[in-house]
Amino acid sequence: MVVLIAKNTVKEGLQEEFLEIAKEMIARTREEAGCISYDLAGDQNDTQVFYFIEKYQDERAVEFHRATEYFQTLVPKIAALRVKPSEVSTCTVVE
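Enquirer: Honestly, the sheet that holds strand 2 (residues 35-42) in this entry has me stumped. Any pointers?
Expert: What holds strands together in a sheet is hydrogen bonding between their backbones, with the strands either parallel or antiparallel. An order of 2-3-1-4 is seen for the four strands of this open sheet, with the pairing classed as antiparallel. Each edge of the sheet is formed by a strand with only one pairing partner; in this case those strands are strand 2 and strand 4 (87-92). The mean inter-strand angle of the sheet, taken between neighbouring strand axes irrespective of direction, is 15 degrees. Inspection of the sheet shows strand 1 (residues 2-9) paired to strand 3 (residues 49-56) by eight bridges, in the antiparallel sense. Within strand 3, the position partnered with Asn 8 by the bridge is Phe 50. Each of strand 1, strand 2 and strand 3 is contacted by helix 1 (residues 15-30), which is oriented at about 170 degrees to strand 2, the strand it contacts most.

Written out as structure tokens, the structure is:
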């Protein structure tokens, strides 16, 4: 299993626009065969920070996700709303 945690710091005032795009990404990704779970969490201490918490069966499922048409379309839209590039941590479940 592969776990990705992607921190997104959104420009002030653009949180609602970010959430609208993120909702589409979440819905589409959850339909992927290799996706175990795909959630979005908001930081309780900073309203500009959101984390995509993604679990996939394996690296092939991650590659499939990144190659989808909607990923290629939505990620640039999300990128335009961020203060800086997404910070992605790739993790392995240890227990």
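Enquirer: Mind showing me how you'd approach the environment of Leu 40 here?
Expert: Tracing the sequence through the fold places Leu 40 in strand 2. On the basis of relative accessibility, which here comes to 25%, the residue Leu 40 falls in the partly exposed class. Each C-alpha atom of the pair Leu 40 and Ala 6 lies 9.4 Å from the other, and the pair is 34 residues apart in sequence. Residue contacts for Leu 40: discarding those within four places in its chain leaves Phe 18, Leu 19, Ala 22, Ile 26, Phe 50, Tyr 51 and Phe 52.

Enquirer: Teacher, can you tell me more about the packing of helix 1 against helix 3 (residues 69-79) here?
Expert: Packed helices, taken two at a time, are described by the angle between their axes plus the distance between the axes. Contact pair helix 1 / helix 3: the axes reach a minimum separation of 10 Å and the direction vectors enclose 160 degrees. On the basis of the axis angle, helix 1 is roughly antiparallel to helix 3. In the crossing of helix 1 with helix 3, the sense of the turn from one axis to the other is left-handed. Taken together, the residues of helix 3 that come into contact with helix 1 (itself represented by Phe 18, Ile 21, Glu 24, Met 25, Arg 28 and Thr 29) are Glu 69, Tyr 70, Phe 71, Leu 74, Val 75, Lys 77 and Ile 78. Partitioned by chemical class, the residues of the contact of helix 1 with helix 3 number eight nonpolar, one polar and four charged.

Enquirer: Whenever I open this one, the packing of aromatic side chains confuses me. Can you help?
Expert: Think of a pair of aromatic rings as described by two things: how far the centres are apart, and how the planes are tilted against each other in angle. Going through the model one piece at a time under the given rule, you end up with three aromatic pairs. The interplanar angle of 35 degrees and the centroid separation of 4.9 Å between the aromatic rings of Phe 18 and Phe 50 together place this pair among those described as tilted. Here Phe 50 lies in strand 3 and Phe 18 lies in helix 1, a separation of 32 residues in the sequence. A residue is classified by how much of its surface remains accessible, and Phe 18, at 0% relative accessible area, is buried.

Reading the values: rules and limits
- Residues numbered from 1 in each chain as written.
- Predicted model: local features only at pLDDT ≥ 70, side-chain atom pairs only at ≥ 80, totals over all residues.
- Heavy atoms only, no water.
- Pairing = 2+ DSSP bridges.
- Helix = DSSP H or I, 4+ residues; strand = E, 2+ residues; numbered from the N terminus.
- Axes fitted to C-alpha atoms, helices over the stretch in contact; angles between N-to-C directions.
- Contact = heavy atoms within 4.5 Å.
- Buried < 20%, exposed > 50% of the residue type's maximum accessible area, 1.4 Å probe, protein only.
- Parallel < 35°, antiparallel > 145°, perpendicular 65-115°, else oblique.
- Left-handed = near helix turned anticlockwise from the far one by under 90°.
- Nonpolar A, V, L, I, M, F, W, Y, C, P; charged D, E, K, R; others polar.
- Phe/Tyr/Trp six-rings, centres within 6.5 Å; stacked < 30°, edge-to-face > 60°.

Taken by themselves, the reported measurements are silent on function.
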